[in-house]
Amino acid sequence: MSIKPAIVEHVAARFSSHFQTKPKVLSWAPGRINIIGEHTDYNDGLALPAAINRYVAMAIAPRDDNQIIFQSENYDEVFVIDVDQLATLKPEKSWHRYMVGTLCISKDLGCQLGGMSIMLTGDIPAGSGLSSSAALILALLGGLVELNQIEFDAWKLVKASQRVEHEYLGVKCGLLDQIGSQMSVANQVLEVDFQSLQVSPTEYNLPGYSWVALHTGKSRELAESAYQTRVTECQQALERMSALHPHVKTLRDIKDHDIQGDDTLAKRIRHVTQENKRVKMALEYIQNDPENLGKTLYASHQSLRDDYEVSCDELNAMVEIARRHKACVGSRMMGGGFGGSTLNLVKTENAQEFVDTTLAEYQKQYPDLKTSALIAELVGGADSVTL
């Protein structure tokens, strides 16, 4: 079992105070960083995610009636569902859709749904590119599986979580966020191959360096539609390459010399193929070669900016400001793009000063945006416990 984070005790206390009874199950799921391997998960590629010390946590207890009552601390609002009407609900609010979708999908895992009281809270900034959505789904899924005393199966939870995104949010995401949140091991990174679905916890050795996430404060409102566009473009690119080169069955089969021209589809393929190479390089560099690892991060950002075209002015500015700081050896945009966070490899002794200086300089350019920072600890994946 993962070490129970402090936010879990907090949500348990809030549950008892609000519902005037004790919870039966506590569950939690962390956010994640992705060291490298961006937009590769839905392209049979490679990535290096790791869970971080920011969470969504839930406290759950059965009720005697037929209502499922969600109380969100973050939104300071209640969402009430009649179990008999669950299948026909089509809520408008995003977090309501996540809850309804997760409840419906949980039945395919064997969960029997009756009345429940659920308190939820979290400290992953929404829209930050740190996988708050995957954590929200997995915290509820894990809690429901625990409440129903169903045998734990990490892969079933990961794939069910993806189904919620696909079927109830319309986001055709890969499995990066779900694997990072559910399967991570403390103080390690996950080497993930999305073609074979092999996940290998990997020790890393970067003494004196820390991972720092800097949230630009830019809303990712364009990200959803643009994400779907990139998924479609990669499918079109694969179809074109397969027609030209019989050996190409997936994007992993494409060689550098297969990529001709500089049109949109060629640029998308070039990013994916080169990003997979950067993941392999990073696997070597995380063994105490921070300088070369940092160069690889910068190369990833350039590719995401120029070839995959998912960056934005705010992300580019944050990376360039970080690049000028003597304590930073590497920086790149992280997540779907068009806002959210950058990931920075920084000397630990200067990490807080790096945060303060970089955000202050950034706010001179974007004074109206609300920024935040996290000096990350790498933690274990999602978990739950019966009280």
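Preceding this section is the structure that the text describes.
Small disclaimer: the values here were computed from a predicted structure and weren't measured. (Residues numbered from 1 in each chain as written. Predicted model: local features only at pLDDT ≥ 70, side-chain atom pairs only at ≥ 80, totals over all residues. Heavy atoms only, no water.)

**What about the overall build of the protein?**
Put simply, the rule reads: Going along the chain from the N terminus, every DSSP run of H or I of four or more residues is numbered as a helix, and every run of E of two or more is numbered as a strand. Our radius of gyration is a C-alpha quantity, and the globule rule it is checked against amounts to 2.2 Å times the number of residues to the power 0.38. Each residue is placed in one exposure class: buried if its accessible area under a 1.4 Å probe, protein chains only, is under 20% of its type's maximum, exposed if it is over 50%, and partly exposed if it falls in between. In what follows, a contact means two residues having at least one pair of non-hydrogen atoms within 4.5 Å. Per-residue and other accessible areas were derived by the Shrake-Rupley procedure at a 1.4 Å probe size, with only the shown protein chains allowed to occlude residues. The charge count includes Lys and Arg as positive and Asp and Glu as negative, but it does not include His or the ends of the chains. Charged side chains are reduced to one point each, which is NZ for Lys, CZ for Arg, CG for Asp and CD for Glu.
What the protein contains, in helices and strands, is 10 helices and 13 strands. Taken over C-alpha atoms, the radius of gyration comes to 21 Å for the protein, in line with the 21 Å a tight globule of 387 residues would show. Overall, the C-alpha framework of the protein stretches about 65 × 50 × 40 Å when taken along its three principal axes. Among the 387 residues that make up the protein, the fraction classed as buried is 59%. Sequence-distant contacts, at least 24 apart, represent 72% of the contacts inside the protein between residues at least 6 apart. Only carbon and sulfur atoms are counted for the fraction: they give 47% of the accessible area of the protein, which is about 16200 Å². Computed over 37 positive and 49 negative side-chain charges, the inter-centroid distance for the protein is 2 Å.

**Digging into the pattern of salt bridges**
For clarity, the threshold we go by: Here a salt bridge means any side-chain nitrogen of Lys or Arg lying within 4 Å of a carboxyl oxygen belonging to Asp or Glu.
What the rule picks out here adds up to 22 salt bridges. Across the pair K4 and E9 runs a salt bridge whose closest N-O atoms are separated by 3.5 Å. Its relative accessible area of 33% is what places K4 among the partly exposed residues. Classification of E9 by relative accessible area gives partly exposed; the value is 45%. For R268, the salt bridge is made with E233, and the minimal N-O distance between the two is 2.6 Å. With R268 in helix 7 (residues 264–285) and E233 in helix 6 (residues 223–244), the pair connects residues that are 35 residues apart, well separated along the chain. The class of E233 is buried, set by a relative accessible area of 12%. A single salt-bridge network, built from bridges that share partners, covers R230, E233, K267, R268 and E309.

**Things to note about the packing of aromatic side chains**
This is how it is decided: Any two rings among Phe, Tyr and Trp, with Trp reduced to its six-membered ring, count as a pair given centres within 6.5 Å; such a pair is stacked if its planes are under 30 degrees apart, edge-to-face if over 60, and tilted if neither. Over a ring means this: the NZ of a Lys or the CZ of an Arg is within 6 Å of the ring centre and within 35 degrees of the ring normal.
Following the criterion strictly, the structure yields 6 aromatic pairs and no others. The interplanar angle of 20° and the centroid separation of 6.1 Å between the aromatic rings of F70 and F79 together place this pair among those described as stacked. By the burial criterion, F70 is buried, and F79 matches it. Connected via pairs of aromatic rings, a cluster forms that spans F70, Y75, F79 and W95. In this structure, R268 packs its charged tip against the face of Y308, placed 6.0 Å from the ring centre. Here R323 stacks its cationic end above the ring of Y298, 4.0 Å away from the centre of that ring.

**What to know about the sheet that holds strand 13 (residues 383–386)**
Note the cut-off: For two strands to count as paired, DSSP must find a minimum of two bridges between them. Each axis is a line fitted through C-alpha atoms, taken for helices only over the stretch in contact, and angles between the N-to-C directions span 0 to 180 degrees.
Spatially, 6 strands are ordered 5-4-6-3-1-13 in an open sheet, and the strand pairing comes out mixed. Single-partner strands in this sheet number two, and they are strand 5 (77–82) and strand 13. Neighbour to neighbour, the strand axes of the sheet diverge by 20° on average, direction disregarded. Where strand 1 (residues 25–34) meets strand 13, 4 bridges bridge the pair, whose relative direction is antiparallel. Looking at strand 13, one finds that V25 is bridged to T386. Where helix 5 (residues 176–183) meets the sheet, its contacts fall on strand 1 and strand 3 (49–62), and the angle it forms with strand 1 comes to roughly 125°.

**What to know about the sheet that holds strand 9 (residues 209–215)**
The strand order 10-11-9-12 describes an open sheet built from 4 strands, whose pairing is antiparallel. Because the sheet does not close on itself, it has two edges, and the strands there are strand 10 (328–334) and strand 12 (372–375). Across the sheet, the mean angle from the axis of one strand to that of its neighbour is 20°, orientation sign disregarded. Across 6 bridges, strand 10 lies against strand 11 (residues 341–347) in antiparallel orientation. The partner of M333 across the bridge, within strand 11, is T342. On the sheet, helix 8 (residues 290–306) packs against strand 9, strand 10 and strand 11 and is oriented at approximately 30° with respect to strand 10.

**Here we look at the environment of Q178**
Inspection of the secondary structure puts Q178 in helix 5. Measuring from C-alpha to C-alpha, the distance between Q178 and A154 comes to 9.8 Å, with 24 residues separating the pair along the chain. Each residue touching Q178, except ones within four places of it in the same chain, is listed here: A134, L138, V158, S161, Q162, E165 and C173.

**Some details on the packing of helix 3 (residues 132–147) against helix 5**
Filter applied, for reference: Working definition: roughly parallel below 35 degrees, roughly antiparallel above 145 degrees, roughly perpendicular at 65 to 115 degrees, and oblique for all remaining angles. The handedness criterion is simple: a crossing whose near helix is rotated anticlockwise from the far helix by less than a right angle is left-handed, and one whose near helix is rotated clockwise is right-handed.
Relative orientation of the contacting elements helix 3 and helix 5 amounts to 55°, with a least axis distance of 9 Å. On the basis of their axis angle, the class for helix 3 and helix 5 is oblique. In this structure, the crossing between helix 3 and helix 5 has a hand that is right-handed. Where helix 3 abuts helix 5, its residues A134, A135 and L138 lie against D177, Q178, S181 and Q182.

**Things to note about the pairing of strand 6 (residues 116–122)**
Burial analysis of strand 6 places 7 of its 7 residues in the buried class, which makes it a mostly covered element. Where burial is concerned, the two faces of strand 6 agree: the one with M116, I118, L120 and G122 and the one with S117, M119 and T121 are both buried. Looking at chain direction, strand 3 and strand 6 are connected through 7 bridges and run antiparallel. Bridge pairing links I60 to I118 in strand 6. Relative to strand 6, strand 4 (residues 67–72) runs parallel, the two sharing 5 bridges. Pairing of Q71 across the sheet is with M119, part of strand 6.

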